[in-house]
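Structural overview for review
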Amino acid sequence: MAEDSVLTVSIVTPDGSVYDNNAEMIIVKTPSGEMGILPNHIPVIASLDIDAVRVKVNDNEEDEIAVSGGFIEFSKNVATVVANAAECQEDIDENRAQAAKKRAEQMISTAKQTHNVDELKRSEIALRRAINRINISKH
Ligand code: ATP
């Protein structure tokens, strides 16, 4: 494959590198919708939702990485995702995510009863992180 038809993808978090690969396409979820990036796409910087980053490695292989928000920078066929937290599908501990989901649901219920707006927002985001991990671990 010619160099200019390949993307280099790396996903990093404050704890270090989570994913590095070459790919044909990367698909991310931004607040304004899904964005697919192919080789020679124009440079872009976009923030990312709590969702999957999908990396089409080739016709037979696609990797899914759970990201808990952050941003993507794309330039000169290099895609760099900087995420608050990120896990490759095979590294997701589904039981842990199920426990986090339950905890977040309990916290949401308490926050609603006590009218604690900040706690409600925090626990809704924790719930989204947990659901995202569960969904990706099941694919
Ligand atoms: P928990 O309550 O289970 O810690 P959390 O959503 O609060 O979940 P984060 O603060 O987003 O966790 O992440 C803390 C660290 O733990 C990060 O390195 C993240 O990649 C990792 N992590 C969180 N949940 C999981 C999971 N279910 N499987 C694997 N790694 C996870």
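Summary of the structure given here.

Cut-off values and rules
- Residues numbered from 1 in each chain as written.
- Predicted model: local features only at pLDDT ≥ 70, side-chain atom pairs only at ≥ 80, totals over all residues.
- Heavy atoms only, no water.
- Near = heavy atom within 4 Å.
- Polar contact = N/O pair within 3.5 Å; in protein donor to acceptor, adjacent residues only side chain to side chain.
- Areas by Shrake-Rupley, 256 points an atom, 1.4 Å probe, with all protein chains shown as cover.
- Helix = DSSP H or I, 4+ residues; strand = E, 2+ residues; numbered from the N terminus.
- Nonpolar A, V, L, I, M, F, W, Y, C, P; charged D, E, K, R; others polar.
- Domains from an automatic or database assignment.
- Pairing = 2+ DSSP bridges.

**Some words on the site of the ligand**
Neighbouring the ligand are 13 residues; Glu 87, Arg 96, Arg 103, Arg 129 and Arg 133 lie closest to it. At 2.6 Å from an oxygen atom of the ligand is found a side-chain nitrogen or oxygen belonging to Arg 103. Protein coverage of the free-state accessible area of the ligand, which is 590 Å², stands at 67%. Listed by contribution, the elements that provide at least two residues to the shell around the ligand are strand 8 (86–88), helix 1 (94–113) and helix 2 (117–138). Of all the elements, helix 1 adds the most residues to the shell around the ligand, at 4 residues. The class makeup of the residues in the shell around the ligand is 5 nonpolar, no polar and 8 charged. Per-domain counts for the shell around the ligand show at least three residues from each of domain 1 (3–89) and domain 2 (94–138).

**Notes on the pairing of strand 6 (residues 61–75)**
In regular strands, side chains alternate between the two faces of the sheet. Two elements, strand 5 (residues 44–58) and strand 6, share 13 bridges in a ladder whose sense is antiparallel. Looking across to strand 6, one finds that Ile 45 is bridged to Glu 73. With antiparallel pairing between neighbouring strands as the criterion, strand 5 and strand 6 make up a hairpin whose turn holds 2 residues. Relative to strand 8, strand 6 runs antiparallel, the two being bridged by 3 bridges. Residue Ala 66 lies in a different strand from strand 8, and its bridge partner there is Glu 87. Judged from the 6 bridges that link them, strand 6 and strand 7 (residues 78–83) form a sheet pairing that is antiparallel. When the sheet's bridge partners are listed, Ile 72 is paired in strand 7 with Val 81. Between strand 6 and strand 7, which pair antiparallel and follow one another directly, the connecting turn spans 2 residues, one of which, Lys 76, has a positive phi of 50 degrees.

Function-wise, these values are silent; they only describe arrangement.
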